[in-house]
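The primary structure of each chain is shown beneath.
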Number of protein chains: 6
Amino acid sequence: MANTWLPTLKNPDLQSGYDRAIMFSRMEVKLTRPDAEIRRKLRSDYEKDASVLIDVSAVVAANFHTVVAANKYWSNT
Amino acid sequence: MANTWLPTLKNPDLQSGYDRAIMFSRMEVKLTRPDAEIRRKLRSDYEKDASVLIDVSAVVAANFHTVVAANKYWSNT
Amino acid sequence: MANTWLPTLKNPDLQSGYDRAIMFSRMEVKLTRPDAEIRRKLRSDYEKDASVLIDVSAVVAANFHTVVAANKYWSNT
Amino acid sequence: MANTWLPTLKNPDLQSGYDRAIMFSRMEVKLTRPDAEIRRKLRSDYEKDASVLIDVSAVVAANFHTVVAANKYWSNT
Amino acid sequence: MANTWLPTLKNPDLQSGYDRAIMFSRMEVKLTRPDAEIRRKLRSDYEKDASVLIDVSAVVAANFHTVVAANKYWSNT
Amino acid sequence: MANTWLPTLKNPDLQSGYDRAIMFSRMEVKLTRPDAEIRRKLRSDYEKDASVLIDVSAVVAANFHTVVAANKYWSNT
């Protein structure tokens, strides 16, 4: 696993924080299932499954919560 | 993905904060599954599935929690 | 969607805060699936499904957490 | 719904706080599905279903978190 | 239900805090389903079910979060 | 269960904190299901199941949240 894929939790603004939450969610799947071929297969599976898609968005929501807290909600922006 | 879809977490009141939580939940699905046609298909699927619908509302609840914390619960309103 | 369905997160006591959490959970479903007829149908479905019922109570628990935090746990009552 | 089923979040100690979390979880189901006969039926269903049982314990865990935070973790006990 | 199964949330270190989170998770199942025979049966069921096993670990993660917060992350250790 | 598998929640940086969250998630499964043979079997099952994989990433997200909070978001890095 790469040494420097995520050097900091700080993000300049909400938009980039949100993108980071998405990135986290992808990494969580990637680190759990490192084989790219299997991931591609699984992705094509859940593309057709509303239930899994919603579960993915729940993970993004959880990561987003972590990121915004780490940035103190960008209170000064 | 659009650069400016979400410039701030601040909302003037609870109602608009709630609407923002809904919007987050939609974006989370949209960014995960960018193809509009597939989303439309999935939406018509889970329209008939109580279980997925409840899962959607769980994601909204999670995002709502993030938004209200960011706005410090509108303590001064 | 009505403009004033939820003007504040403040509740005088725990009981009313709890009722508000229930109300949130209903709104989350309502805003996600605005057609009353479909909701009625889905409700009669999950009335028979323990799994979905528990998921509903999980959403209520999440919203309840948000409400009690917003009211600082009614520490002074 | 009874007016006074839950007058306060304060509990003298961890044990009673935990029991309260259990009580919350039951109320969440009860308020969602008020018919006692249906609840009895659903309960006998999930008695045999490990998946639903784990989901119930997740709801208890969420409510427990709320209760212990409200009691500031009983830091002084 | 025993009167004194959990007298405090304080744990001397992370390891014992983690064990406590595991213990919570077991109690949540035990209090929900008091019959030992049924629990044994359910356990042998989900032993073969990856999905339920992951759900169990989610409950442990939630309880662990509660325990570490109660111990202020053992910041002084 | 080993006495010293996790001596501290402190991590020098985000990357190692993230790895720790992954490690927590594995331990949660391991302590719940200690038999290595059964775990290997279950793992090969969910390798093919997108739904379980997403659930695993949700557990990682929850543990990650705990770790970053314990490290106060590495605010000084």
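I will try to describe carefully the structure that is included in this document. All residue numbers refer to position in the chain's written sequence, counted from 1. Working convention: letters from A go to chains and numbers from 1 go to ligands, in the order in which they are written. For a predicted model such as this one, the threshold for reporting local features is a pLDDT of at least 70, and the threshold for listing and counting side-chain atom pairs is 80 or more; totals across whole chains, interfaces and linings nevertheless cover every residue. No hydrogens and no water enter the side-chain calculation; it runs on all heavy atoms of the structure.

**Things to note about the interface of chain B and chain A**
- At the junction of the two partners, chain B supplies 31 residues and chain A supplies 27 residues.
- Accessible surface is computed with a 1.4 Å probe, and the buried area is the amount of it that two parts give up when combined, taken over both parts together. For the pair chain B and chain A, the two sides together bury roughly 2400 Å², of which 68% comes from carbon and sulfur.
- Looking at the side of chain B facing chain A, the largest losses of area belong to B:Glu28, B:Arg33 and B:Leu42, adding up to 21% of the total buried there.
- Salt bridges, as used here, are contacts in which a Lys or Arg side-chain nitrogen is within 4 Å of a carboxyl oxygen on Asp or Glu. On the surface where chain B and chain A come into contact, there are zero salt bridges.
- Two N or O atoms form a polar contact when they lie within 3.5 Å of each other; inside protein one atom must be a possible hydrogen donor and the other a possible acceptor, and for residues adjacent in sequence the pair counts only when both atoms belong to side chains. Where chain B packs against chain A, one counts two residue pairs in polar contact (both at pLDDT 80 or more).
- Secondary structure counts use DSSP, requiring at least four H or I residues in a row for a helix and at least two E residues in a row for a strand, with both numbered from the N terminus. Every element with two or more residues in the side of chain B that touches chain A is listed here: α1 (14-32), α2 (36-46) and α3 (50-70) of chain B.
- Ranked by residue count, the leading element in the side of chain B that touches chain A is α3(B), at ten residues.
- Residue polarity follows a fixed list, in which Ala, Val, Leu, Ile, Met, Phe, Trp, Tyr, Cys and Pro are nonpolar, Asp, Glu, Lys and Arg are charged, and the others, Gly among them, are polar. Tallied by class, residues from the side of chain B that touches chain A come to 19 nonpolar, seven polar and five charged. Two residues qualify as a contact provided that any one of their heavy atoms is within 4.5 Å of a heavy atom in the partner residue.

**Brief notes about the relation of the copies chain A and chain F**
- Copy-to-copy alignment: least squares on C-alpha atoms, limited to residues at pLDDT 70 or above in both. For these two chains of identical sequence, chain A goes onto chain F by a turn of 60° and a shift of 0.0 Å along the axis, with RMSD 0.0 Å. The symmetry that links the two subunits is that of a six-fold axis.

**Here's the deal with unusual backbone geometry**
- Positioned with a positive phi, A:Lys72 is a non-glycine residue whose angle comes to about 45°.
- Examined against the element boundaries, A:Lys72 turns out to sit in the segment after α3 (50-70).

**Here we look at the interface of chain A and chain F**
- Facing 31 residues of chain A, the contacting portion of chain F comprises 27 residues.
- Buried surface at the junction of chain A and chain F, summed over both partners, amounts to about 2400 Å²; 68% is from carbon and sulfur atoms.
- Of all residues in chain A, A:Glu28, A:Arg33 and A:Leu42 bury the most surface against chain F, accounting for 21% of the area lost on that side.
- Of all the secondary structure elements, the ones that give two or more residues to the side of chain A that touches chain F are α1 (14-32), α2 (36-46) and α3 of chain A.
- The element that contributes the greatest number of residues to the side of chain A that touches chain F is α3(A), accounting for ten residues.
- For the side of chain A that touches chain F, the per-class residue count stands at 19 nonpolar, seven polar and five charged.

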